[in-house]
Amino acid sequence: MQKHIAWFEEIGKGDVAIVGGKGANLGEMFNAGIPVPYGFVITAFAYFDFLKSAGISKKIAGYLALLDHKDPKNLQQTSDNIRKVILKTQIPKELAKEIMIAYSNLAKRSAKKSSLSKRLASMMKNPLVAVRSSATAEDLPTASFAGQQETYLNVMGEANVLLKVREAWASLFTARAIFYRAEQKFDHFKVGIAVPVQMMVDSESSGVMFTIDPVTNEKKKLVIEAIYGLGELIVQGAVTPDHFEVDKKSLKPLSKKVVSQTIMLVRKNGVTKEYSVDKKLVGKQKITDKQLIEIARLGVKLEKHYYHPQDVEWAIEKETVYIVQTRPITTMKSESENLKTQKEEILDTSKQELLVSGDPASPGIAWGPAKVIFSASEIEKILPGDVMVTPQTNPDYVPAMKRAVAIVTEKGGRTSHAAIVSRELGIPAVVGASGASVKIKSGNVITVNGAKGEVYKGGLTQSQANILKAQVKPKSSIHLKTATKVYVNMAQPDRVVEVSKMNVNGIGLLRAEFMIADIGTHPRKLIKEHKEKVFITKLASDLSKFCEAFNPRPIVYRATDFKTNEYRNLIGGKEFEPEESNPMLGFRGAYRYISDPRVFELELEAIKMVRNKYGYKNLWLMIPFVHTVEEMAQIKKIIAASGLARSATFKLWLMVEIPSNVILIDKFCELGIDGVSIGSNDLTMLILGADRDNDEVAQVFDERNPAILWALERVIKTCSKYGVTSSICGQAPSDFPELVEKLVSWGITSISVNPDVVDVVRENIYNVEQKQGKK
């Protein structure tokens with residue numbers, strides 16, 4: 001039976017599908033020796049079993065079928081309906097019993113593993129806990145709208161824990177969470193939710209730390225913000241925190257900004273609520289310099305452990321620093337964006353009237369009519385092009401923030417919700433601008449400079465706007481260089497010039513399907529009508545655009561891998577394509593070329609036209625979905641018959657995406673190939689027998705499964721033995737930075753990723769190579 005309860009020592013960062021991003025990181029940190037309040041996680045299996053046993057999935061699906069997430073009223077009504085269904089449904093008795101037993105054992109187990117619960121010896125059976133939520137699609141490197149689900153603090157007693165677990169499950173369907181999934185095109189039923197239950201930290205002070213500067217992306221310093229009491233107020237932006245910057249190497253403080261704090265969130269007399277700060281403490285520094293250095297030390301340790309900059313939440317109880325959460329920073333900017341920010345910082349605005357100033361939270365300059373609102377109930381007032389001005393934001397504001405061109409808040413720091421989401425959206429933001437809602441009037445045009453933290457009266461002049469629009473060219477000399485090549489995945493030529501300027505060694509996967517879909521007509525129909533030249537000329541023209549932009553860097557063109565259901569959508573497709581019950585395992589890839597070589601031969605003619613007519617010698621060929629060594633041998637004969645021969649300028653690659661490719665990789669190498677590229681998406685599905693697009697089994701899909709890691713290691717090391725280059729072009733290295741360390745240590749030649757993560761992956765590889773002593 002799949003486990004419903006997992007203790008922190010039983011889980012790690014590879015268990016996101018089971019315990020969510022938050023739960024996986026808590027377990028990972030605990031096992032790495034990071035001071036984490038001890039606890040357990042009620043896994044996503046428990047949530048899915050709850051839905052199944054209660055039979056409420058169909059009712060939830062019915063409400064979602066009527067969803068219009070762009071309509072705030074419809075969105076809220078859908079959320080209310082679904083949450084009511086979940087909250088009215090009882091947890092199955094056996095599952096409830098498992099949760100209660102885990103809770104009753106928590107304090108006793110915690111006393112053995114950490115010092116946190118010794119103060120709770122008198123309530124070993126009913127400790128105070130934090131009940132958190134950990135969605136299985138939350139806190140991944142491609143998404144950081146944190147806080148969509150709920151967290152419940154200072155919970156005591158079995159009945160209250162069970163209640164909060166149901167509320168946490170229901171929080172998967174808050175309006176903001178539904179909106180986010182709809183915008184990201186996530187399937188609502190593929191996203192599960194786990195519930196971490198942790199010993200409660202009685203926070204005297206708490207805060208957030210970024211292991212790089214979240215605004216400038218400066219990597220040599222850490223940014224730490226601190227408040228009195230529980231940390232919820234800093235994340236919400238309800239108070240403006242103390243701001244510290246610390247040198248990452250020496251751990252010496254670089255700057256301090258101490259801010260008066262008048263309210264704090266604490267538990268007194270059994271009640272958690274906002275209380276006034278003691279007048280003697282209002283204007284004092286929230287943490288000591290010694291505590292600041294200890295927090296910074298833990299930040300450096302976390303970044304080294306994850307090989308990626310981290311967004312960390314911490315708390316202090318009785319002089320001990322605890323880490324309560326960490327997640328990857330997903331808003332790192334490219335070099336050209338950083339240079340653009342520098343231009344914004346030096347833009348001359350001396351002639352404009354300064355209305356308010358605050359902390360620079362998200363770089364950029366934008367202007368438009370101001371709209372001042374005071375609660376999430378007013379977000380409908382924000383129209384596209386408006387500048388939203390508000391005391392603070394929370395996740396309920398996100399739909400309006402997506403319409404706004406800039407954000408100004410009166411409270412909060414650079415680690416507040418408003419700051420994080422603005423950076424994610426790529427819009428300017430100024431936070432902690434005291435008095436903004438009074439000094440700025442709705443309807444008046446204002447300009448927000450997120451790089452300087454300033455808000456001006458009126459818009460920019462034409463000359464100022466022209467300065468900002470001027471193209472910013474990054475300096476290639478400051479690009480990181482790695483022994484492991486970084487390639488890019490591409491499909492269409494519309495962005496080829498832009499992407500070619502990135503710090504990449506070539507294209508590791510150029511998909512044929514989009515270019516052929518752009519031709520529009522099924523190639524067999526063109527052959528039937530004697531219009532082969534239409535196909536050859538158009539494909540060669542598109543291929544040459546990539547070769548020209550990247551020359552002399554290589555372009556690895558993957559020959560057509562249309563499945564029958566995809567081919568049927570082309571004009572004339574129904575005449576030539578059978579209807580298959582399982583197209584993924586059907587008539588595709590190499591077997592299609594052998595069964596009817598005519599379309600493949602058209603592709604080979606297009607490749608020859610690029611090489612011979614256009615003169616580009618940097619186009620290589622990769623063969624997809626090869627079942628057997630014998631198939632690859634037949635493919636080689638077809639290629640040779642076309643007049644193309646393997647050489648220094650024409651390499652032949654095999655796409656490794658079927659278990660037989662892994663098992664027989666030595667035989668494929670002996671047959672004669674120049675390189676392989678591991679398609680980790682299909683390979684994972686086929687090894688684990690789990691279709692990631694099938695709601696019922698999608699949670700099984702995980703490229704970090706030991707079976708997948710074994711396959712990757714075998715392919716890479718065998719290829720190295722035969723002098724065959726190895727690459728990977730699936731999503732895994734982008735999603736899981738820790739996988740990069742394994743790939744590099746095994747000797748992979750290159751990693752190919754999507755354009756948006758090139759810089760991050762290159763830096764991950766650089767850090768790993770430095771650690772492993774590779775040059």
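Because the structure is predicted, anything quoted here is derived from the model rather than measured.

Give a description of the overall build of the protein chain that names residues and reports values.
Looking only at helices and strands, one finds 30 helices and 30 strands in the protein chain. Within the protein chain, the proportion of its 775 residues that are buried is 58%. Long-range pairs, those at least 24 residues apart, make up 68% of the contacts in the protein chain with a sequence separation of at least 6. For the protein chain, the exposed surface amounts to about 31,700 Å²; the carbon and sulfur share of it is 52%.

So, the pattern of salt bridges: which residues are in play, and what are the values?
Throughout the structure, instances matching the rule amount to 34 salt bridges. Measuring nitrogen to oxygen at the nearest pair gives 3.7 Å for the salt bridge that ties E245 to R414. Remark: R414 occurs in the loop between β19 (406-409) and α12 (417-425) and E245 occurs in strand β9 (residues 242-247); sequence separation between them is 169 residues. We classify E245 as buried; its relative accessible area is 11%. Here K608 makes a salt bridge to E605, at a shortest N to O gap of 3.0 Å.

Which residues make up helix α29 (residues 737-746), and what are the values?
For α29, a buried count of 7 out of 10 residues is recorded, marking the element as mostly surrounded by other parts of the structure. Turning to α29, its buried residues number three or more, namely P737, E738, L739, V740, L743, V744 and W746.

Lay out the pairing of strand β10 (residues 253-257) in plain terms, naming residues and giving numbers.
Looking at chain direction, β9 and β10 are connected through 4 bridges and run antiparallel. Counterpart to H243 in the pairing with β10 is K257.

Any details on unusual backbone geometry? Residues and values, ideally.
The bulk of non-glycine residues show a negative phi, and the bulk of peptide bonds are trans. Here N551 and P552 are connected by a cis peptide whose omega angle stands at 10°. In this structure, H530 takes a positive phi of about 60° despite not being glycine. Along the chain, the position of H530 falls in the loop between α17 (523-528) and α18 (532-550). A relative accessible area of 67% places H530 in the exposed class. With a phi angle near 45°, F625 is a residue other than glycine that sits in the positive phi range. For F625, the position within the fold is in the loop between β26 (619-623) and α23 (629-641).

How would you summarise the confidence of the model for the protein chain if you had to cite specific residues and measurements?
Residues with a pLDDT of 70 or more make up 90% of the protein chain, whose mean pLDDT is 86. In this model, residues 138-146 is a region of pLDDT below 50 whose contacts with residues beyond four sequence positions or in other chains number 37 contacts. Contacts from residues 471-478, a stretch scored under 50 in pLDDT, to residues over four places away or in other chains number 13 contacts.

Residues and numbers for the sheet that holds strand β22 (residues 454-457), please.
Read across the open sheet, the 8 strands follow the order β15-β22-β21-β17-β18-β19-β20-β16; overall the sheet is mixed. In this open sheet, the two strands that pair with only one neighbour each are β15 (354-357) and β16 (359-362). In this sheet, neighbouring strand axes are inclined to one another by 30° on average, regardless of whether the strands run parallel or antiparallel. Here β16 pairs with strand β20 (residues 429-431) via 3 bridges, running antiparallel.

Let's hear about the pairing of strand β13 (residues 310-317): which residues, and what values?
Of all the 8 residues making up β13, 8 are buried; the element is thus mostly covered by neighbouring parts of the structure. Covered by surrounding structure in β13 are Q310, V312, W314 and I316 together with D311, E313, A315 and E317, the residues of both alternating faces. Here strand β7 (residues 205-210) runs beside β13; their pairing, made up of 6 bridges, is antiparallel. When the bridges of β13 are listed, F210 appears paired with D311. Between β13 and strand β14 (residues 320-328), which follow one another and run antiparallel, lie 2 residues, and K318 among them has a positive phi close to 50°.

An account of the side chain of D682 is needed here, citing residue identities and associated values.
Counting through the fold element by element, D682 comes out in helix α26 (residues 680-688). Judged by its relative accessible area of 14%, D682 falls in the buried class.

Tell me about the packing of aromatic side chains, residues and numbers included.
Summed over the entire model, instances satisfying the criterion amount to 11 aromatic pairs. Relative to W653, the ring of W620 has its centre 6.1 Å away and its plane inclined at 55°; by these criteria the two rings are tilted. Taken together, the positions of W620 in strand β26 and W653 in strand β27 (residues 652-656) put the pair 33 residues apart, joining distant regions of the chain. Considered together, W620 and W653 belong to a single accessibility category, that of buried residues.

For the sheet that holds β10, give the residues involved together with the corresponding values.
On the basis of which strands lie adjacent, the open sheet formed by 6 strands has the order β10-β9-β8-β7-β13-β14 and antiparallel pairing. With one partner strand each, in any of the chains shown, β10 and β14 form the two edges of the open sheet. Pairs of neighbouring strands in the sheet enclose a mean axial angle of 20°, with direction left out of account. When β13 meets β14, the two strands line up antiparallel, connected through 8 bridges.

Go over the packing of α26 against helix α27 (residues 706-722), please, and point to the residues and values.
Relative orientation of the contacting elements α26 and α27 amounts to 125°, with a least axis distance of 10 Å. As the angle between them shows, α26 and α27 are arranged oblique. Crossing geometry of α26 relative to α27 is assigned as right-handed. Residues L683, T684, I687 and L688 of α26 touch α27, and the partners they reach there are A707, I708 and A711. Considering only residue class, the contact of α26 with α27 consists of 6 nonpolar, 1 polar and no charged.

Please provide a residue-by-residue account of the packing of helix α4 (residues 72-88) against helix α6 (residues 158-170), values included.
Put simply, α4 and α6 touch, their axes get as near as 9 Å, and they point 155° apart. Between α4 and α6, the angle is such that the two are roughly antiparallel. When you trace α4 past α6, the crossing you get is right-handed. Counting all contacts with α4, which are made through R83, I86, L87 and K88, the residues of α6 involved are R166, E167, W169 and A170. Taken together, the residues of the contact of α4 with α6 sort by class into 4 nonpolar, no polar and 4 charged.

So what's going on with α23? Residues and values would help.
With 13 residues, α23 extends 19 Å from end C-alpha to end C-alpha; this agrees with the ideal 18 Å at 1.5 Å per step. The complete set of buried residues in α23 reads V629, E631, M632, I635, I638 and I639. If you follow the buried residues of α23, they end up packed against α21 (589-595), α22 (598-613), β26, β27 and α25 (665-672). A positive phi of about 100° marks G643, the residue just after α23.

Any chance you could break down the nonpolar core for me, citing the residues and the numbers?
Grouped together as the largest cluster of nonpolar side chains are 97 residues, with contacts concentrated most on I42 and W169. For W169, the residues in contact, after removing those within four places along its chain, are I42, A46, Y47, F50, I86, I91, L95, I193 and V195. Core analysis: the next-biggest nonpolar cluster, separate from the first, contains 85 residues, L510, I519, L652 and A711 among them.

Let's hear about the environment of A226: which residues, and what values?
Within the fold, A226 resides in strand β8 (residues 221-228). With relative accessibility at 0%, the residue A226 sits in the buried group. The spatial distance from the C-alpha of A226 to the C-alpha of Q285 is 8.6 Å, given a sequence separation of 59 residues. The residues contacting A226, other than those within four sequence positions of it, are S206, G207, I234, P241, D242, F244, K286, I287 and W314.

Cut-offs and rules
- Residues numbered from 1 in each chain as written.
- Predicted model: local features only at pLDDT ≥ 70, side-chain atom pairs only at ≥ 80, totals over all residues.
- Heavy atoms only, no water.
- Helix = DSSP H or I, 4+ residues; strand = E, 2+ residues; numbered from the N terminus.
- Buried < 20%, exposed > 50% of the residue type's maximum accessible area, 1.4 Å probe, protein only.
- Contact = heavy atoms within 4.5 Å.
- Areas by Shrake-Rupley, 256 points an atom, 1.4 Å probe, with all protein chains shown as cover.
- Salt bridge = Lys/Arg side-chain N within 4 Å of Asp/Glu carboxyl O.
- Pairing = 2+ DSSP bridges.
- pLDDT = per-residue confidence, 0-100.
- Axes fitted to C-alpha atoms, helices over the stretch in contact; angles between N-to-C directions.
- Phe/Tyr/Trp six-rings, centres within 6.5 Å; stacked < 30°, edge-to-face > 60°.
- Parallel < 35°, antiparallel > 145°, perpendicular 65-115°, else oblique.
- Left-handed = near helix turned anticlockwise from the far one by under 90°.
- Nonpolar A, V, L, I, M, F, W, Y, C, P; charged D, E, K, R; others polar.
- Expected span 1.5 Å × (residues − 1).
- Core = buried A, V, L, I, M, F, W, Y, C linked by side-chain atoms within 4.5 Å.

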